[in-house]
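Overview (structure and organization)
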Amino acid sequence: MADKKFYLTTPIFYPNAKLHLGHAYTTTVSDILVRYHRLMGEKTYFLTGSDENTQKMVDAARKDGKEPLEFLDGIVARFSSLFSELSISYDQFIRTTDQKAHWPGAQALWQKLVEAGDIYKKEYEGLYCVGHEAFITEKDLVDGKCPDHGTAPEFIKEENYFFRLSKYSDAIRQKIESDELLIVPATRKKEILSFIAQGLEDVSFSRPRKADWPQGLGIPVPGDDSQVMYVWCDALSNYITALGYGQGGELYEEFWPGMHVIGKDILRFHAAIWPGMLLSAGLPLPKTLLVHGFITSGGKKMSKTLGNVIDPEELLAEYGTDAVRCFLARHISPFEDGDITREAFKDAYNADLANGLGNLSARIMQLAATHLEQGTRPEAAEFPAEYIQAMEKFEINKAAEFIWSRIQALDQKITEQAPFKLVKTDLEAGKKIIFDLTQELYVIGCMLNPIMPETSKKIKDAVAANQKPENLFARHD
RNA sequence: AGCGGGGUGGAGCAGUAGUAGCUCGUCAGGCUCAUAACCUGAAGGUCGCAGGUGCAAUUCCUGCCCCCGCAACCA
């Protein structure tokens, strides 16, 4: 058990805008899983980062009147400030513009694909839409313009490198079917298998270096400085470059392969292109892909025009870190789309935290502080099987549900056994009940560790100190 | 068009071939240790529609209807 390893990554995020609730969700789910495995005594490594070599970022920077690299530093600082407010316990933040940490590994991986004979040059011509950052076909056009962006596409003829993904369709399918590459939930596995069954096409793997990209942006293709890597080798590779792949990294030897937490929109890249690259390079595939859904608000996708955007920063400022983590963990399924509104958040906060956990802690610890002589810090808390099973299956909402069923059971127990009454007639019997309550509260504190690290500590400390904690969660009305 | 997800008491969700559960809300009662909290009970659903297979379907199959996402700030 002690030498079990757990490596988990989030996607790397686009630094052209600030992070929204969806990013906060991915990262929080990831953090809960990592903290759980850490709690189980495993050696963990938790990676997150930013995907920086992109045209959209350059555009956003210029629009902001900043040089891209300077702009990036500012955005990345905001990322880490959000992560810190969310108590995200990552070990490393990888940036794809990092020429020391990232580039050598990405280039080493490219080289492997070349050696495997899977990189070839191809002339490509077509209509390129700048807004899409992609080629579009003539039949997409309306009046000669891109219907989404209202601009005429440029006719581009360029030579690019391609990756022979088609060669790996069968091998990838086999790995996924056999769960060697486990895709959770099963519906996503089915979805990607039906996609792969159509046969995978080779993918464009590089772009000509753009004149307006500064030095330091875009990873040069080994042996061809006129080209930079396209997103696949540039970004997906972060999962191993961060561990020092290609640079004799010990972390790589120790932790790869691990698991990726991703949103449903990037399933294809992670379940088709990325495994294809790894197969070509002769490297192990990730063990698990956890694919979560999107967070909607009022049943609709959050959008500025609808005005239903919920900003994680605002929620954090109003309710605090653990309250936000608790909502995301308990009320959003890690496998499907989930919904949040301010009203629902407030209701859940009052029910789960103020009336539930907070009030229970207060009533038990008030009794304990009044009637017990001293606190206790139980040696090793037993984790109930239901909790373990849910967490192992990544069902953090069910794990949370289980904790709250325990909270309810304790409230019932206090009412039924009425230790506050019993102490007046049979002090010892009353004290025994109160002591038991503190022990059970302590276990709840332990189980809460991954989901609500701060609250977990406060509860355990309160039991240890035999003191009623400060009001943990004040009601919001 | 195609692909994917979903339609279950007022709201949000679980769930299973055989008396339909949970949370919130509502109503009534109880308790007083606690954060006007907590506990108990009640009302409220023909489980989208129509067929089919089964002794039996909300649960399996077929068809249909409706909603949502796949295009934006994107996980």
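Residues numbered from 1 in each chain as written. Chains lettered and ligands numbered in written order. Predicted model: local features only at pLDDT ≥ 70, side-chain atom pairs only at ≥ 80, totals over all residues. Heavy atoms only, no water.

With respect to the pairing of strand β3 (residues 92–95)
What counts here: Only protein chains enter the area calculation, which uses a 1.4 Å probe; residues under 20% of their type maximum are buried, those over 50% are exposed, and those in between are partly exposed. Numbering of helices and strands starts at the N terminus; helices are DSSP runs of H or I of at least 4 residues and strands are runs of E of at least 2. Strands were regarded as paired on the criterion that DSSP finds at least two bridges between them.
Every second residue of β3 is oriented toward a common face, with Q92 and I94 on one face and F93 and R95 on the other, all of them buried. Note that strand β2 (residues 43–50) and β3 share four bridges and pair parallel. Its bridge partner being in β3, T48 is matched across the sheet by F93.

Quick notes on the pattern of salt bridges
How we decide: A pairing counts as a salt bridge when a side-chain nitrogen of Lys or Arg comes within 4 Å of a carboxyl oxygen of Asp or Glu.
Tallied over the entire structure, the rule returns 28 salt bridges. For the salt bridge of D64 with K66, the shortest nitrogen-to-oxygen distance reads 3.1 Å. By relative accessible area, which is 44% here, D64 ends up partly exposed. Among the residues examined, K66 registers a relative accessible area of 32% and is labelled partly exposed. The shortest N-O distance in the salt bridge between D170 and R173 comes to 3.1 Å. Within this pair, D170 and its partner R173 are both found in helix α5 (residues 169–177), separated by three residues, close to a single helical turn.

Things to note about the packing of aromatic side chains
For clarity, the threshold we go by: By convention, a stacked pair of Phe, Tyr or Trp rings (six-membered ring in the case of Trp) has centres within 6.5 Å and planes under 30 degrees apart, an edge-to-face pair has planes over 60 apart, and any other such pair is tilted. The rule for a charge over a ring is simple: NZ of Lys or CZ of Arg within 6 Å of the ring centre, and within 35 degrees of the ring normal.
For the structure on display, the rule yields 26 aromatic pairs. Considering the side-chain rings of F163 and Y168, the 6.2 Å spacing of their centres and the 10° angle between planes classify their relative orientation as stacked. Across the pair, exposure class does not vary: F163 and Y168 are buried alike. Among the aromatic side chains, those forming a connected cluster through ring pairs are Y7, Y45, Y239, F255, W256 and W274. Across the ring face of F162, the terminal group of K122 is positioned such that the distance to the ring centre comes to 4.5 Å. Lying across the ring of Y230, R207 places its NZ or CZ 4.0 Å from the centre.

Some remarks on the sheet that holds strand β9 (residues 206–208)
Here three strands make up an open sheet; going across it, the order is β9-β11-β10 and the pairing antiparallel. Of all strands in the sheet, those bounded by a partner on one side alone are β9 and β10 (220–221). Sheet topology note: the β10/strand β11 (residues 224–229) ladder contains two bridges and is antiparallel. When the sheet's bridge partners are listed, V221 is paired in β11 with D224.

Quick word on the protein's contact with RNA strand B
This is how the line gets drawn: Each residue is tested against the molecule or strand, and it is near if at least one of its non-hydrogen atoms lies within 4 Å. Throughout this description, a polar contact denotes any pair of N or O atoms lying within 3.5 Å of each other; where both atoms belong to protein, one of them has to be capable of donating a hydrogen while the other can accept it, and for residues adjacent in sequence the pair is counted only when both atoms sit in side chains.
In the vicinity of RNA strand B lie 45 residues, with H20, G263, K301, G358 and R363 positioned nearest. What you see for RNA strand B is that sugar and phosphate hold 62% of its atoms within 4 Å of the protein. At a separation of 3.3 Å, a sugar or linking oxygen of RNA strand B approaches a polar side-chain atom of R188. At the level of elements, β1 (5–13), α1 (21–39), α6 (186–197), β12 (259–263), α13 (342–371), α15 (396–417) and α16 (419–425) are the ones that each hand at least two residues to the surface near RNA strand B. With nine residues, the top contributor of residues to the surface near RNA strand B is α13.

What to know about the sheet that holds strand β13 (residues 288–292)
Heads up, the rule is: Working convention: axes come from line fits to C-alpha atoms, limited for helices to the stretch in contact. Angles between N-to-C directions cover 0 to 180 degrees. Contact definition: two residues touch when any of their heavy atoms are within 4.5 Å.
Judged by pairing direction, the sheet is parallel, and its six strands sit side by side in the order β3-β2-β1-β12-β13-β7 without closing on themselves. One side of each edge strand has no neighbouring strand; the edge strands of this open sheet are β3 and β7 (182–184). Within this sheet the neighbouring strands show an average axis-to-axis angle of 20°, counted without direction. Contacts between helix α10 (residues 267–281) and the sheet are confined to β7, β12 and β13, with β12 contributing the most and set at about 140° to the helix.

Considerations on the state of the cysteines
Going by this rule: Sulfur atoms of two cysteines make up a disulfide when they are within 2.5 Å.
All chains considered together, the criterion is met by zero disulfides. The structure places no disulfide on C326, whose sulfur is separated from the nearest cysteine sulfur, that of C446, by 17 Å. By relative accessible area, which is 2% here, C326 ends up buried.

Topic: the pairing of β2
Remark: a regular strand shows side chains that alternate across the two faces of the sheet. Most of β2 sits inside the fold, with seven of its eight residues counted as buried. Note: β1 against β2, seven bridges, orientation parallel. When the bridges of β2 are listed, T9 appears paired with L47.

Considering the environment of R35
Counting through the fold element by element, R35 comes out in helix α1. What makes R35 buried here is its relative accessible area of 15%. Discounting residues that sit within four places of it in the chain, R35 has contacts with S87, S89, R325, N449, P450 and P453.

A look at the environment of M447
Along the polypeptide, M447 turns up in helix α17 (residues 427–448). The spatial distance from the C-alpha of M447 to the C-alpha of A399 is 8.8 Å, given a sequence separation of 48 residues. Non-local contacts of M447, meaning those with residues more than four positions away in its chain, are made with F383, P384, Y387, F402, I403 and R406.

Quick look at the side chain of N449
Its place among the elements puts N449 in the loop between α17 and α18 (453–465). Given the relative accessible area of 19%, N449 is considered buried. Sequence-distant contacts of N449, defined by excluding residues within four places in its chain, comprise R35, L39 and S456.

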